[in-house]
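Observations on the model geometry
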Amino acid sequence: MVEQYSVMSTAINKPANEPYGYKIIHQPFDSEPRYFSGAEYKFHFYSGTDDLPGDREFEVVREAIREWNNIGGFSFRIQEESKPWLDLPVNCGRDYHSHFSWRYPWPLPDQCFAWNHGTAAAVTHLWPKIFGRKIDEADIAFNDDDTVIRWNEFNLRIVAMHELGHVISLDDLYNISNHDEDKKQIMHDLKYGYRIEWGDRAGARWMYSAIYYIM
């Protein structure tokens, strides 16, 4: 069997205010989806947290990555760069190198948690190329302020899966849909969704569908 990948599907996107389980992030000026042209996301770990022993936080994120990478019929691949990026990222500003990091939003302003996200467990910044919708950088920052969240393996795994959903261009479902079926999705409020469900998989496949040919 030879596997071929397509970047975009021709399926019709379904509204998230109905129980279909997903919503796609669109550009504000033309309502087109944002996407990685190569159906691949490469990243570096920039910093960790003291809440988990050793480097366990990195392995938990890798487990979340495997959850997305193991979806059938899904061509997108999330890969850790083998050679670390040595320069310090400029907060969460564009530096053309995607990274995971743990940061404190206070007392100094941090671009990672700007725009009123200081109480969020994590944020994802997608950087499309200028005058286009192709993403060339995606930065994920976990809030390392213990007054917001104290990291353990369960919390980190579900937050990482949720933020990685944004990398795949899946939008939040909380404050958008209150259908019970939608609440099960990892892209909904983390009080309800704690694993990748059918709607998350459907949205991932809509963005990056795999086409299989039997030889």
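Residues numbered from 1 in each chain as written. Predicted model: local features only at pLDDT ≥ 70, side-chain atom pairs only at ≥ 80, totals over all residues. Heavy atoms only, no water.

For the rest of this paragraph, the subject is the overall build of the chain. On a plain count of helices and strands, the chain comes out with 4 helices and 7 strands. Counting helices and strands in the order they occur from the N terminus, the chain gives β-β-α-β-β-β-β-α-α-α-β. Classification of the 215 residues of the chain by burial places 48% in the buried group. In the structure as shown, the chain presents an accessible area of about 11,200 Å², 52% of it carried by carbon and sulfur atoms. (Helix = DSSP H or I, 4+ residues; strand = E, 2+ residues; numbered from the N terminus. Buried < 20%, exposed > 50% of the residue type's maximum accessible area, 1.4 Å probe, protein only. Areas by Shrake-Rupley, 256 points an atom, 1.4 Å probe, with all protein chains shown as cover.)

With that settled, consider helix α4 (residues 198-207). Since one α-helical turn is 3.6 residues long, residues separated by three or four positions face the same way. Among all positions of α4, only Gly 199, Asp 200, Gly 203, Ala 204, Trp 206 and Met 207 are buried. The buried residues of α4 occupy one face: seen down the axis, they fall within an arc of 160°. (Arc of directions from axis to C-beta.)

With respect to the helices and strands, Asn 152 occurs in the loop between β6 (135-143) and α2 (153-167). With relative accessibility at 35%, the residue Asn 152 sits in the partly exposed group. The spacing of Asn 152 and Arg 56 is 96 residues in sequence and 9.7 Å in space, taken between C-alpha atoms. From its side chain, Asn 152 meets the backbone nitrogen of Phe 154 in a polar contact 3.1 Å long. (Polar contact = N/O pair within 3.5 Å; in protein donor to acceptor, adjacent residues only side chain to side chain.)

Once that is clear, we can look at the side chain of Asn 143. Note that Asn 143 resides in strand β6. Asn 143 sits in the buried class, given a relative accessible area of 0%. At 3.0 Å, the side chain of Asn 143 and the backbone oxygen of Ala 120 are in polar contact. Excluding residues that lie within four positions of it along the chain, Asn 143 makes contacts with Arg 103, Pro 105, Phe 113, Gly 118, Ala 120, Ala 121, Ala 122, Val 148, Ile 149 and Trp 151. (Contact = heavy atoms within 4.5 Å.)

As a further point, take the state of the cysteines. Considering all chains together, one arrives at 1 disulfide under this definition. One disulfide bridge connects Cys 92 with Cys 112, the sulfur atoms lying 2.2 Å from each other. Taking the sign of the torsion about the S-S bond as the criterion, the disulfide between Cys 92 and Cys 112, at about 85°, is right-handed. Here the residue Cys 92 occupies a position in the loop between β3 (77-80) and β4 (99-103), and Cys 112 occupies one in the loop between β4 and β5 (122-128), the gap between them amounting to 20 residues. (Disulfide = S-S within 2.5 Å.)

A few words on the pairing of β3. Relative to β3, strand β2 (residues 40-45) runs parallel, the two sharing 4 bridges. Bridge pairing in β3 links Phe 43 to Glu 80. Remark: the β2/helix α1 (residues 56-69)/β3 crossover connection has right-handed handedness. (Pairing = 2+ DSSP bridges. Right-handed = clockwise from strand over helix to strand, strands pointing away.)

Our focus in this paragraph is unusual backbone geometry. Even without being a glycine, Tyr 96 presents a positive backbone phi close to 65°. Here Tyr 96 lies in the loop between β3 and β4. Under the relative-accessibility criterion, Tyr 96 is labelled exposed at 53%. Backbone geometry at Asn 175 places phi at a positive 65°, although glycine is not the residue there. Counting through the fold element by element, Asn 175 comes out in the loop between α2 and α3 (180-183). Note on Asn 175: relative accessible area 76%, which makes it exposed.

Turning our eyes to something else, we now look at the sheet that holds β6. Pairing is mixed in the open sheet, where 5 strands are placed in the order β3-β2-β4-β6-β5. Since the sheet does not close on itself, it has two edges, and those belong to β3 and β5, each with one partner. For this sheet, the mean angle separating the axes of adjacent strands, direction not counted, is 25°. Strands in contact with α1 are β2, β3, β4 and β6; relative to β3, the strand with the most contacts, it is inclined by about 155°. (Axes fitted to C-alpha atoms, helices over the stretch in contact; angles between N-to-C directions.)

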